[in-house]
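# Examination of the molecular architecture
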Amino acid sequence: MQQEQSVLRWGGLAGMLGSIVFIVVFVIVGVFVGDDPANIEGWVTRFPDIYTARLFENGLYLFVLVIWIPHMLALAYALRRAHLPLALFGSVISIVGLTIMIAGALTHVAVNPLYMLSQLPDMNTADQRSIALMWQATWGILDALLIAGLLLVPFGIAGLGVAMSADDRFGKLYAGITVGLGSIGLLAAIGAMIAPESLIAAGAVFALIFFNFIIGWKTFRLGSQPIPLKIVA
């Protein structure tokens, strides 16, 4: 019992901390990175000016995705008695989705070789434009990883929500919140898959942030409850 509470406590803290750090990532992007450039060449030319901001942004984003994994594991552990199949299904699908997103987290590393090529002295205008096009193609691959992850994580979260409905410690309220956020995230991710150029993927991201903070808080509270004493007659 004490071990289970420790798992829930640390897992809940991981979920909440990840959500808070993710908000910091948005602040960094808004303040230090800013809007996308007006043309594709702008992606290359402004790279050194925002490199430090991208470094912190991507590093913290990677941290968030990694630290959310223990939260998913803690939920699977907590829900194993209530509904083991859905607890395993939801956590595994969510972790696979997070892993896919982790693969595309360090965007500055992916495009850095292209920037180094653009700085070669024998680069002409045609070469520079080709590099800009390759830059956009690289971002397209990274976006594909992001959307794939955003499709899987909310789907797994919805499964965890159904499992929560069978656990009195979470109850119908938190089960409904989880299923609702998972559904919103999944619909937003489907929209992003259909129209990748839209900003609808942000809906899926915020659904993950709210889920990990709200359910993380609930999980932490469950792990912080005093252990009932057994009275021996």
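These remarks concern the structure in this document.

How each quantity is defined
- Residues numbered from 1 in each chain as written.
- Predicted model: local features only at pLDDT ≥ 70, side-chain atom pairs only at ≥ 80, totals over all residues.
- Heavy atoms only, no water.
- 1 Å grid on protein atoms, 1.4 Å probe; cavity = no way out; pocket = protein on both sides within 12 Å on 5 of 7 lines; lining within 4 Å.
- Points joined across faces, edges and corners; volume = space filled by probe spheres on them.
- Helix = DSSP H or I, 4+ residues; strand = E, 2+ residues; numbered from the N terminus.
- Axes fitted to C-alpha atoms, helices over the stretch in contact; angles between N-to-C directions.
- Parallel < 35°, antiparallel > 145°, perpendicular 65-115°, else oblique.
- Left-handed = near helix turned anticlockwise from the far one by under 90°.
- Nonpolar A, V, L, I, M, F, W, Y, C, P; charged D, E, K, R; others polar.
- Patch = residues over 30% accessible without salt bridge, like charges linked within 9 Å, V, L, I, M, F, W, Y side chains within 5 Å.
- Areas by Shrake-Rupley, 256 points an atom, 1.4 Å probe, with all protein chains shown as cover.
- Salt bridge = Lys/Arg side-chain N within 4 Å of Asp/Glu carboxyl O.
- Buried < 20%, exposed > 50% of the residue type's maximum accessible area, 1.4 Å probe, protein only.
- Expected span 1.5 Å × (residues − 1).
- Arc of directions from axis to C-beta.
- Contact = heavy atoms within 4.5 Å.
- Core = buried A, V, L, I, M, F, W, Y, C linked by side-chain atoms within 4.5 Å.

## Focus: the layout of surface pockets
- What the largest pocket holds in volume is close to 1,300 Å³.
- Lining the largest pocket are 37 residues; nearest its centre among them are Asp36, Trp139, Asp143, Leu146 and Leu199.
- The set of elements that each furnish at least two residues to the lining of the largest pocket consists of helix H1 (2–33), helix H3 (51–78), helix H6 (125–164) and helix H8 (201–224).
- It is H6 that contributes the most residues to the lining of the largest pocket, ten residues altogether.

## Describing the packing of H1 against H3
- Packing of H1 against H3 brings their axes to within 7 Å, and their N-to-C directions diverge by 155 degrees. When the interaxial angle is binned, H1 and H3 end up roughly antiparallel. You can see that H1 and H3 cross each other, and the crossing is left-handed.
- Looking at the contact of H1 with H3 residue by residue, the classes come out as 24 nonpolar, six polar and three charged.

## Quick word on empty space enclosed by the protein
- Per the counting criterion, the structure on display carries one cavity of 30 Å³ or more.
- Along the walls of the largest cavity sit Trp43, Arg46, Phe47, Ile50, Arg54, Thr107, His108, Val111, Trp135 and Trp139, which together make up its complete lining.
- Elements that contribute at least two residues to the lining of the largest cavity include exactly helix H5 (107–118) and H6.
- Looking at which element gives the most residues to the lining of the largest cavity, the answer is H5, with three residues.

## Considerations on a nonpolar patch on the surface
- A cluster of nonpolar residues, Ile23, Phe26, Val27, Val31, Phe32, Phe206 and Phe210, forms a patch on the protein surface that exposes about 660 Å² of accessible area.
- Where the nonpolar patch is concerned, the elements lending two or more residues are H1 and H8.
- It is H1 that contributes the most residues to the nonpolar patch, five residues altogether.
- Along the chain, Val27 falls in helix H1.
- Residue classification places Val27 among the partly exposed positions, given a relative accessible area of 49%.

## Side note on H5
- The terminal C-alpha atoms of H5, which comprises twelve residues, lie 17 Å apart, in line with the 16 Å expected from a rise of 1.5 Å per residue.
- By the burial criterion, the buried members of H5 are Thr107, His108, Val111, Leu114, Tyr115 and Ser118. Along the axis of H5, the buried residues cluster in a sector spanning 125 degrees; they form a single face.
- Those residues of H5 hidden inside the fold are in contact with helix H2 (40–45), H3 and H6.

## What to know about the packing of H6 against H8
- For the pair H6 and H8, the least separation of the axes is 10 Å and the interaxial angle reads 35 degrees. For H6 against H8, the interelement crossing comes out left-handed. Here Leu150, Val153, Pro154, Ile157 and Met164 of H6 lie close against H8, whose contacting residues are Ala201, Ala204, Val205, Leu208, Phe211 and Ile215.
- A class-by-class count of the residues in the contact of H6 with H8 yields eleven nonpolar, no polar and no charged.

## Quick notes on the nonpolar core
- Counting residues in each nonpolar core, the largest one holds 43 residues, and the members touching the most others are Phe22, Trp68, Met72, Leu150 and Phe170.
- When contributions to this core are tallied by element, the ones reaching two or more residues are H1, H3, helix H4 (80–103), H6, helix H7 (171–194) and H8.
- Not counting chain neighbours up to four residues away, the residues in contact with Phe22 comprise Tyr61, Val64, Trp68, Val205 and Ile209.
- Val44, Phe47, Tyr115 and Ala132 belong to the second largest nonpolar core, which has eleven residues in total.

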